[in-house]
Amino acid sequence: MIVLEQVCKSYDGGRGYTVRDVSFRVPAGRLMVLLGGSGCGKTTTLKMINRLIEPTSGRVEVGGRDVRQQDAVKLRRSIGYVFQGIGLFPHLTIAENIAVVPRLLDWPASRIAARIDELLALVHLPAEAYRGRFPRQLSGGQQQRVGFARALAARPQIMLLDEPFGALDPLTRDELRNDFLQLRRQLGLTAVMVTHDMTEAL
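Throughout this document, residue positions are counted from 1 along each chain, in the order its sequence is written. The predicted origin of the model limits local features to residues at a pLDDT of at least 70 and limits the giving and counting of side-chain atom pairs to 80 or more, whereas totals for whole chains, interfaces and linings rest on all residues. With hydrogens and water stripped out, all remaining heavy atoms of the structure feed into the side-chain values.

J.: Sorry if this is basic, but what is going on with the overall build of the protein chain here?
T.: The helix count covers DSSP runs of H or I at least four residues long, the strand count covers runs of E at least two residues long, and both are numbered beginning at the N terminus. The helix and strand inventory of the protein chain stands at nine helices and eight strands. Computed over its C-alpha atoms, the radius of gyration of the protein chain comes to 17 Å, within 12% of the 17 Å expected for a compact globule of 202 residues. Summarising its shape, the C-alpha atoms of the protein chain cover approximately 55 × 40 × 30 Å along the three principal directions. Residue exposure (1.4 Å probe, protein chains only): buried if accessible area is under 20% of the type maximum, exposed if over 50%, otherwise partly exposed. When each of the 202 residues of the protein chain is scored for burial, the buried share is 47%. Contacts are assigned to residue pairs that have any heavy atoms within 4.5 Å of one another. Contacts in the protein chain between residues at least 24 apart in sequence constitute 68% of all its contacts with a sequence separation of at least 6. In these tables, accessible area is a Shrake-Rupley quantity obtained with a 1.4 Å probe, and a residue counts as shielded only by the protein chains included in the view. Of the accessible surface of the protein chain, which amounts to about 10,200 Å², a share of 50% is contributed by carbon and sulfur atoms. Charged-residue counts in this description rest on Lys and Arg as positive and Asp and Glu as negative, His and the chain ends being excluded. Note that the charge is assigned to NZ on lysines, CZ on arginines, CG on aspartates and CD on glutamates. Side-chain charges in the protein chain split into 27 positive and 20 negative, and the spacing between the mean points of these groups amounts to 4 Å. Every radius of gyration here is taken over C-alpha atoms, with the globule rule written as 2.2 Å times N^0.38, N being the number of residues.

J.: Looking at this model, I keep getting lost on the pattern of salt bridges. Mind explaining?
T.: Between side chains of opposite charge, a pair can form when the charged atoms approach closely. The rule for a salt bridge is simple: a side-chain nitrogen of Lys or Arg has to be within 4 Å of a carboxyl oxygen of Asp or Glu. Throughout the structure, instances matching the rule amount to 12 salt bridges. The closest approach of N and O atoms between Asp66 and Arg59, which form a salt bridge, is 3.0 Å. A salt bridge links Arg115 to Glu118; the shortest N-O distance between them is 3.2 Å. Linking Arg115 with Glu118, this pair stays in helix 5 (residues 109-122), spanning three residues, or about one helical turn. Salt bridges sharing common partners tie together Arg59, Glu61, Asp66 and Arg68.

J.: Any chance you could explain the nonpolar core here in plain terms?
T.: When a protein is soluble and globular, its nonpolar side chains tend to lie buried together. Residues belong to one nonpolar core when they are buried, are Ala, Val, Leu, Ile, Met, Phe, Trp, Tyr or Cys, and are joined through side-chain atoms within 4.5 Å. Membership of the largest hydrophobic core comes to 32 residues, with the highest contact counts inside it found for Ile98, Phe148, Met159 and Leu161. The set of elements that each furnish at least two residues to this core consists of helix 3 (94-98), helix 5, helix 6 (127-130), helix 7 (140-152), strand 7 (158-162), helix 8 (170-187) and strand 8 (190-195). Counting residues per element, this core draws most heavily on helix 7, which supplies five residues. Counting residues in hydrophobic clusters, the runner-up holds 21 residues, among them Val7, Phe24, Leu34 and Leu160.

J.: Would you mind showing me how to read the packing of aromatic side chains here?
T.: Aromatic rings in a pair are described by how distant their centres are and how their planes are angled relative to each other. The criterion for an aromatic pair is that two Phe, Tyr or Trp rings (for Trp, the six-membered ring) have centres within 6.5 Å, with stacked assigned to planes under 30 degrees apart, edge-to-face to planes over 60 apart and tilted to the rest. By the definition in use, this model includes three aromatic pairs. A centroid spacing of 5.6 Å and a plane angle of 25° characterise the contact between Phe148 and Phe180, whose relative ring orientation is stacked. Placement of Phe148 in helix 7 and of Phe180 in helix 8 is noted, with a sequence separation of 32 residues between them. Phe180 carries the same exposure label as Phe148, and that label is buried. Connected via pairs of aromatic rings, a cluster forms that spans Phe148, Phe165 and Phe180. Both a distance and an angle decide whether a charge sits over a ring: NZ of Lys or CZ of Arg must be within 6 Å of the ring centre and within 35 degrees of the ring normal. A cation over a ring is seen here: Arg133 above Tyr130, with NZ or CZ 4.4 Å from the ring centre. Above the plane of the ring of Phe134 lies Arg136, whose end atom (NZ or CZ) is 4.9 Å from the centre.

J.: What exactly am I supposed to notice about the environment of Ala129 here?
T.: Counting through the fold element by element, Ala129 comes out in helix 6. Looking at Ala129, the relative accessible area reads 36%, which means it is partly exposed. Residues Ala129 and Leu119, spaced 10 residues apart in sequence, show a C-alpha to C-alpha distance of 13 Å.

J.: Honestly, the sheet that holds strand 3 (residues 31-35) in this entry has me stumped. Any pointers?
T.: Through backbone hydrogen bonds, the strands of a sheet pair up, either in parallel or in antiparallel fashion. Here the rule is simple: two strands pair whenever DSSP picks up at least two bridges between them. Read from one edge to the other, the open sheet built from four strands follows the order 3-8-7-6, with strand pairing classed as parallel. With partners counted over all chains shown, the strands left at the sheet margins are strand 3 and strand 6 (79-82), one partner each. The mean angle between the axes of side-by-side strands here comes to 15°, regardless of whether they run parallel or antiparallel. Judged from the five bridges that link them, strand 3 and strand 8 form a sheet pairing that is parallel. Bridged to Leu35 within strand 8 is Thr195. Between N-to-C directions, angles span 0 to 180 degrees; the directions come from axes that are lines fitted to C-alpha atoms, helices contributing only their stretch in contact. With respect to the sheet, helix 1 (residues 42-49) is in contact with strand 3, strand 6, strand 7 and strand 8, its orientation differing from that of strand 8 by roughly 155°. Taken strand by strand, helix 7 contacts strand 6 and strand 7, and its axis lies near 165° from that of strand 6.

Geometry only, nothing functional implied.
Given below as structure tokens:
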């Protein structure tokens, strides 16, 4: 589902490399973790999968196609992305946050509304209680649940996760990790997750 072959990223014309000669394959339905210390190129590698960052050289394939031959915007909208630090839009309600990509894809309002309620149930946030709230009215763990719901909104087959549990307390982190693993298996998602935490990787 995801293939990187000899992928490099340089910001100075090749004198130095943030990422150098990275190759790996992620079969459909599997989870792969990129583990390493701060500044080692994990997030840069992750962002080259959906072309948030363009590789300097090498090949990245998603779904059997070179990402450079795919429209970058369409590619990003087809891949769920969970940000470090959650990244919800503070001026939008929970429902509006989840609806961002479906609206960009011109889904009809009725389909979007149904998907919002479905996803909130999936991440254990009852729609009636949460859809009209704003991010500031939620705990960190609840906000991250909404982040997962937003990433799943357009029914992606692939999810990219950038330190998704790093800002949470240990109990919430354990609970959300377990919920994510269950969600991933239930939905058959292919996922790549970045972390610096060996325990989290295991």
